[in-house]
Amino acid sequence: MAQLGFYYDMTICTSCKVCQIACSDKNDLEVGTLFRKVYNFEGGEFPNPWAYNLSIACNHCAEPKCTKNCPTGALYKREKDGIVMFDEGKCIGCKMCTWSCPYGQPKYIESKGKSGKCNFCVDLIDAGEEPACVAACQMRALEFGDIEELRKKYGSTADIKGLPDSGITKPHLTIHPNKEAMK
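Fair warning: this is a prediction, and the values are worked out from it, not measured in the lab. Throughout this document, residue positions are counted from 1 along each chain, in the order its sequence is written. Restriction of local features to residues with pLDDT of at least 70 applies here, the model being predicted, together with a cutoff of 80 or more for giving and counting side-chain atom pairs; totals for whole chains, interfaces and linings are based on all residues. The basis for the side-chain values is all heavy atoms of the structure; hydrogens and waters are excluded.

Details of the overall build of the protein chain
Selection criterion: Helix and strand labels come from DSSP, where a helix needs a run of H or I of at least four residues and a strand needs a run of E of at least two; each type is numbered from the N terminus. Only C-alpha atoms enter the radius of gyration; for comparison, a globular chain is expected to reach 2.2 Å times N to the power 0.38, where N is the number of residues. Exposure is judged per residue with a 1.4 Å probe applied to protein chains only, and the accessible area is read against the type maximum: over 50% gives exposed, under 20% gives buried, and values in between give partly exposed. By the convention used here, residues are in contact when the closest approach between their heavy atoms is within 4.5 Å. Surface exposure here means Shrake-Rupley accessible area, sampled with a 1.4 Å probe, where a residue is shielded only by the protein chains that are shown. We treat Lys and Arg as the positive residues and Asp and Glu as the negative residues; His and chain ends play no part in the count. To locate a charge, the coordinates of NZ of Lys, CZ of Arg, CG of Asp or CD of Glu are taken.
Helix and strand content of the protein chain: six helices and nine strands. A compact globule built from 183 residues would reach a C-alpha radius of gyration of about 16 Å, and the protein chain, at 16 Å, matches this within 12%. Taken along its principal axes, the extent of the C-alpha atoms in the protein chain is 55 × 35 × 30 Å. A total of 183 residues make up the protein chain; the buried ones form 46% of that total. In the protein chain, the proportion of contacts linking residues at least 24 apart, taken out of those at least 6 apart, comes to 56%. Total accessible area on the protein chain stands at roughly 9200 Å², and carbon and sulfur atoms take up 51% of it. Charge-centre separation for the protein chain: the mean point of 23 positive side chains lies 4 Å from the mean point of 23 negative side chains.

So, the nonpolar core
Short version of the rule: To qualify as a nonpolar core, a set must consist of buried Ala, Val, Leu, Ile, Met, Phe, Trp, Tyr and Cys residues joined through side-chain atoms within 4.5 Å.
Core analysis: the biggest nonpolar cluster contains 28 residues, and Tyr8, Met10, Ile83, Ile160, Leu163 and Ile175 have the highest contact counts within it. Breaking this core down by element, the ones donating at least two residues are strand 1 (4-9), strand 3 (48-56), helix 4 (122-126), helix 5 (132-136) and strand 9 (173-176). Core analysis: the second largest hydrophobic core is formed by 14 residues, Leu29, Cys58, Cys66 and Ile109 among them.

Focus on the sheet that holds strand 1
This is how it is decided: For two strands to be treated as a pair, DSSP must find no fewer than two bridges joining them. The axes are straight lines fitted to the C-alpha atoms, using for helices just the contacting stretch, and the angles between their N-to-C directions are given from 0 to 180°.
Read across the open sheet, the three strands follow the order 8-1-9; overall the sheet is mixed. Two strands lie at the open edges of the sheet, namely strand 8 (142-146) and strand 9, each paired on one side alone. For this sheet the average axis-to-axis angle between neighbouring strands, irrespective of direction, equals 20°. Relative to strand 9, strand 1 is paired through four bridges, and the arrangement is parallel. In the strand pairing of strand 9, Tyr7 is matched with Thr174. Sitting on the sheet, helix 6 (residues 147-154) is in contact with strand 1, strand 8 and strand 9, with an inclination near 125° to strand 8.

Notes on the pairing of strand 2 (residues 37-45)
Where strand 2 and strand 3 come together, nine bridges link them in antiparallel fashion. Within strand 3, the position partnered with Gly43 by the bridge is Trp50. Remark: two residues form the turn of the hairpin made by strand 2 and strand 3, two consecutive strands paired antiparallel.

In structure tokens, the structure reads:
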């Protein structure tokens, strides 16, 4: 299997946050902890205002800083599909992963004293289903699959205002941006 990644079409996302809620429900997250978050950006002034939404989770990067800086190996890339996995049993709660990721993933979960992150809903994927966020998106603004196939189909833009330079970690993400979001 090839490297999996996400495609996000910001031109049709309505910021309903159903993807965010589905992810939180699937992962039984506490209030305030989000593995997928929808951000809203706006600016400009009359008569030229602009706005866009950005739904972001772990990008399962080619060069993830979280795996490189985790001292216990709790974070690692799954060989068969490149998903960045998390082994809670190995996590010591040092927060190195949260400080290392330029995208704000993983998240430190105070009540557990450990981190947690998007695992691409591997249980669903392994059963032939879509990740919860993708399945829940009523506008179909999210897709998942072989990142190279997604890039061939949609392009390879991952450099959007509000995100760090893609050269840092080489995220497995491609975005259909609106013109206001281009760097």
